[in-house]
Amino acid sequence: MLTTALIMAGLALYNVPPQRRPRHFRNRDGFSLDFSDEELRARYRFSRHSIMVISDLVRDDLQRGTRRNHALTVEQQVMVTLRFLASGSFLQVVGDTLGLDKGTVSRVVQDTTAALCKRQNEFVKWPRRDAEKNKIKAGNYRIGGFPNVIGAIDGTHIRIQAPTTDEASYVNRKGYHSINVQAVCDADGKFTNINSSWPGNAHDAHIFRTSQVCTHMERTPNWESGILLGDSGYPCRPFIMTPYARPANEDQTRFNRHHARTRCVIERTFGRWKRRFHVLHSEIRMKPEKACSIIMACAILHNIALWMNEPELPEDQEEEMPNVDAVYNGANDGRRIRDHITQMYFTN
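**As for the environment of Ile207**
- Relative to the assigned elements, Ile207 resides in helix H9 (residues 204–209).
- It is 9.4 Å that separates the C-alpha atoms of Ile207 and Ser197, two residues lying 10 residues apart in sequence.
- Aside from chain neighbours lying at most four places away, what touches Ile207 is Asn180, Gln182, Asn195, Trp198 and Ala202.

See below:
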């Protein structure tokens, strides 16, 4: 009898439902559009109007089909993502700052960056019309005095956490794990092409050789179609000019000087890009495929910032575009075209 009573008492205790932890909805006043534009830029890198424009771009993808009182609006999701990209902090820190759970911040960042990446072709576009190319050529000449340049190309390493799969391929020459991002920009520092899918140990020349940009330019390797400027890590080809490794005379030295002055626009662009989005300076603590999405979203947002005239560094002083004939009738060889440019433009 005693045994039966004990069993019944145990079953009664077993069936007692556990106490649920009460839900706490923290104060979200930390992200509000009521700040001034200067305060919003300090926190999110964009003004009120720009945040609304970005929200409208991704609204169809982020609109929640729910009437729950605590669902985040599209504007709030965009602001959470911008705060993460701008600060480069841990998801937990961003969540504590804005009164959100770490898991919520993670989902919001992933959804918003994916929605932005869908707009890549709208904001990261290769110049195809003659008017677009001529505008870029004139702008690049004003920067460094180098003719016929439709873009400067370079790579930059974005640090990521060590992946669990194929870890060794992400170790770059400096010894840390990274994504090797190749980008082309115009004279205004706007990205016209970006590739963020290669691990850190991939060489710049290999990334370019397998890129859509190289394939496109190989189809029209004409001097009149425009050229790219790259550093010595790239091969000298009819459509990509590299500096002389050992200048043999003053003309070649002058070529290298103007080449460097014009090509440095891509280095300045990388600098502005990383200053705007600190997540690119710190370690992206996500899997490589998600890190690639973060990088691409930052490139799109960089171009949107230029489109919206968000404050940037002062531009270089402008010079006049020369009135010269850009026709080249020689052999379709990178080194010969380089010599032609030197003789045509940099000989006293």
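**Comments concerning helix H11 (residues 250–276)**
- Its 27 residues give H11 an end-to-end C-alpha distance of 39 Å, which sits within 8% of 39 Å, the value for a rise of 1.5 Å per residue.
- At Arg263, H11 shows its largest kink, close to 30°.
- Two or three places before Asp251, at the opening of H11, Asn249 has a side-chain oxygen 3.1 Å from that residue's backbone nitrogen.

**Observations concerning a positive patch on the surface**
- Among the surface-exposed residues, Lys125, Arg129, Lys135 and Lys190 lie close enough to one another that they form a single positively charged patch.
- Here Lys135 shows up in helix H8 (residues 130–144).
- Overall, the relative accessible area of 61% leaves Lys135 in the exposed class.

**Some thoughts on the confidence of the model for the protein**
- On average, residues of the protein score 84 in pLDDT, and 81% of them are at 70 or above.
- Confidence over residues 23–29 falls short of pLDDT 50; this stretch has 14 contacts with residues more than four positions distant or in other chains.
- Within the model, the stretch residues 313–328 combines pLDDT values under 50 with 27 contacts to residues more than four positions away or in other chains.

**A few points about the environment of Ile341**
- Counting through the fold element by element, Ile341 comes out in helix H13 (residues 334–345).
- Ile341 gets classed as buried once you look at its relative accessible area, which sits at 0%.
- Sequence-wise, Ile341 and Phe146 are 195 residues apart; in three dimensions their C-alpha atoms are separated by 8.8 Å.
- Ile341 has contacts with Phe146, Pro147, Trp223, Ile227, Met241, Phe255 and Phe346, leaving out every residue within four places of it along the chain.

Criteria and thresholds
Residues numbered from 1 in each chain as written. Predicted model: local features only at pLDDT ≥ 70, side-chain atom pairs only at ≥ 80, totals over all residues. Heavy atoms only, no water. Helix = DSSP H or I, 4+ residues; strand = E, 2+ residues; numbered from the N terminus. Contact = heavy atoms within 4.5 Å. Expected span 1.5 Å × (residues − 1). Bend = angle between axes of the 7 residues up to and from the residue. Polar contact = N/O pair within 3.5 Å; in protein donor to acceptor, adjacent residues only side chain to side chain. Patch = residues over 30% accessible without salt bridge, like charges linked within 9 Å, V, L, I, M, F, W, Y side chains within 5 Å. Areas by Shrake-Rupley, 256 points an atom, 1.4 Å probe, with all protein chains shown as cover. Salt bridge = Lys/Arg side-chain N within 4 Å of Asp/Glu carboxyl O. Lys, Arg positive; Asp, Glu negative; His and termini not counted. Charge placed at Lys NZ, Arg CZ, Asp CG, Glu CD. Buried < 20%, exposed > 50% of the residue type's maximum accessible area, 1.4 Å probe, protein only. pLDDT = per-residue confidence, 0-100.

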